[in-house]
Structures are given as structure tokens and as C-alpha cells.
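# Report on the structure
Read off the chains here:
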Amino acid sequence: MREEEKIKAGILFSPAHPELKAIKRKTHNLNVDYNKTYEDEAEKRAAILSEMLGEFGEGSFIQGPIAFHYGIHTKIGKKFFGNFNLTIQDDAEVTIGNNCNFGPNVTIVTPIHPMRADERREMLTPEGEAKSFCYAKPVHIGNDCWFGACVTVCPGVTIGDGCVIGAGSVVTKDIPPNSFAAGVPCRAIREITEADSMLYKPEILADNRLKNQPES
């Protein structure tokens with residue numbers, strides 16, 4: 001079984017395997033290329049992302065600097081906005097839906113290392129060769145999610161559509177759709193409802209109006 005297949009199967013793989021190192025080296029170099037661009041070099045940035053990522057939806061934008069680990073394991077939907085210092089350690093698959101917005105310093109991680117130090121240092125292959133191993137769990141983020149600054153999403157987490165994740169949260173477990181969730185560890189605090197509409201905050205809405213709100 002190839003190392004990429006082991007990752008998808010959720011079993012131990014060797015991150016130092018030449019096949020995986022080649023993917024990561026290419027992606028890490030493309031990160032550097034992207035981070036050297038200016039914000040108005042839209043075509044250059046788009047070309048780098050199309051070469052690096054598994055999918056990058058129409059109308060999406062990443063402020064930069066960025067840090068993708070494999071790149072090809074990440075699929076990002078339409079009209080995504082990623083603020084400064086987006087980090088995605090996508091050993092396993094990472095999917096992000098449409099119309100998501102991430103604040104600065106959001107981190108998504110998928111790899112998991114053995115808890116015991118001796119096992120982290122090395123274990124043995126079926127042939128008896130000593131190697132360092134880890135495994136990884138995918139992360140899935142639905143549509144229309146908003147992440148505050150410095151959110152960390154841990155391996156194996158699924159976040160449903162329409163969620164708001166408070167700044168500084170560490171998401172270790174699944175979050176149901178349409179939830180406001182926050183904390184370390186992050187937990188769903190309440191459902192997002194009609195009462196959260198800007199319609200009920202006229203002092204902030206000012207002379208703007210909602211799309212479905214009739215003109216006064």
C-alpha cells in the first residue's frame with residue numbers, strides 16, 4: 001500500500017517517505033512563492049493556488065501569508081475568505097465549504113502522533129525497519145461558517161453549515177450546524193436564530209438594510 005493510501009485509510013504512515021516528502025517540498029516552495037506576491041497580483045496568486053491546492057473555488061481569496069503542508073489534500077469552496085496567517089496541515093483531507101470566512105491566524109491540523117515518546121521516536125515496519133510514524137484524520141467544514149481570530153481545528157472534526165466559532169477556540173469535537181461555539185475546548189453554546197439578525201441592532205445597521213427588508 002502506498003503512503004498516500006495509508007493516509008486515506010487512517011493507518012500509520014511514514015511522513016519521511018520520499019513520495020510524501022516530494023509533495024510537501026513542492027507545496028512548501030509554492031507557499032514561499034505565494035507569500036512573496038503582492039495583493040494586487042491576482043493572476044499570479046491564482047496560478048500558484050491552482051498548482052498547489054486540490055480545489056480552490058471561484059471568487060475565493062486568501063490574504064496571506066499562507067502555510068499549506070500537502071496542499072493537494074485541501075479543497076476550498078466558492079467565495080472563501082482567509083485572513084492573515086492561514087495554516088492548514090493537511091496530511092489527511094481538509095474540505096471547506098462555500099461562503100466561509102476565516103479571521104487571522106486560523107490553523108487546521110489533521111496529523112496525530114503517538115502519545116508515548118518511545119513510539120513517537122520510532123516503530124518497526126513489517127520488514128523490521130525502524131521509522132517514525134503518525135496517522136491523520138480528515139477535517140470537514142460546512143458552508144457559511146465564520147471563524148474568529150486564532151481558531152484551531154483539531155484532527156477528525158466536522159463543523160456543520162452556518163457555524164460561528166469564537167476567537168481563540170480549540171475545536172476538538174464536532175460542532176452541529178447553525179451553532180455559535182467557543183472555548184478551549186470549544187463547545188456549542190447555542191443555536192444561531194432569527195434573534196441574531198442585524199435587523200434587531202438598528203444602532204449598528206444604521207441606514208443600511210437587509211436584502212429581504214423592504215425600503216422604509
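Preceding this paragraph is the structure being described.
The rules behind each value
- Residues numbered from 1 in each chain as written.
- Predicted model: local features only at pLDDT ≥ 70, side-chain atom pairs only at ≥ 80, totals over all residues.
- Heavy atoms only, no water.
- Pairing = 2+ DSSP bridges.
- Helix = DSSP H or I, 4+ residues; strand = E, 2+ residues; numbered from the N terminus.
- Buried < 20%, exposed > 50% of the residue type's maximum accessible area, 1.4 Å probe, protein only.
- Axes fitted to C-alpha atoms, helices over the stretch in contact; angles between N-to-C directions.
- Parallel < 35°, antiparallel > 145°, perpendicular 65-115°, else oblique.
- Left-handed = near helix turned anticlockwise from the far one by under 90°.
- Contact = heavy atoms within 4.5 Å.
- Nonpolar A, V, L, I, M, F, W, Y, C, P; charged D, E, K, R; others polar.
- Expected span 1.5 Å × (residues − 1).
- Arc of directions from axis to C-beta.

## Some details on the sheet that holds strand S6 (residues 86–89)
- Taken in spatial order, the five strands line up as S3-S6-S9-S16-S19 in an open sheet, and their pairing is parallel. In this open sheet, the two edge strands, each paired with only one partner strand, are strand S3 (66–68) and strand S19 (170–171).
- Across three bridges, S6 lies against strand S9 (residues 107–109) in parallel orientation. Residue pairing in the sheet places Ile88 in a bridge with Ile108 of S9.

## Focus on unusual backbone geometry
- Residues Gly64 and Pro65 are joined by a peptide bond in cis, for which omega reads 0 degrees.
- Topologically, Pro65 is positioned in the loop between strand S2 (61–62) and S3.
- Residue Pro185 follows Val184 across a cis peptide bond; omega there is 0 degrees.
- Relative to the assigned elements, Pro185 resides in the loop between strand S20 (179–182) and strand S21 (187–191).
- Non-glycine residue Asn105 carries a positive phi angle of around 65 degrees.
- With respect to the secondary-structure elements, Asn105 resides in the loop between strand S8 (101–102) and S9.
- The class of Asn105 is partly exposed, set by a relative accessible area of 33%.
- A positive phi angle, close to 60 degrees, is found at Asp144, a residue other than glycine.
- Tracing the chain through its elements places Asp144 in the loop between strand S14 (139–141) and strand S15 (146–147).
- Residue classification places Asp144 among the partly exposed positions, given a relative accessible area of 47%.

## A word on the packing of helix H2 (residues 18–35) against helix H3 (residues 42–52)
- Remark: H2 packs on H3, axes separated minimally by 10 Å, with the N-to-C direction vectors making an angle of 165 degrees. Taken as axis vectors, H2 and H3 run roughly antiparallel relative to one another. You can see that H2 and H3 cross each other, and the crossing is left-handed. Residue-level contacts link Lys26, Thr27, Leu30, Asn31, Asp33 and Tyr34 of H2 to Arg45, Ile48, Leu49, Glu51 and Met52 of H3.
- By residue class, the composition of the contact of H2 with H3 is five nonpolar, two polar and four charged.

## Quick look at H2
- In a regular helix each residue adds 1.5 Å, so 18 residues correspond to 26 Å; H2 covers 26 Å between its end C-alpha atoms and thus fits that length.
- Taken together, the buried positions of H2 are occupied by Leu20, Ile23, Lys24, Thr27, Leu30, Asn31 and Tyr34. End-on view of H2: buried residues confined to an arc of 125 degrees, all on one side of the axis.
- As for H2, its buried residues are in contact with helix H1 (3–9), H3, S2 and S3.

Scope: geometric values only; no functional claims are made or implied.
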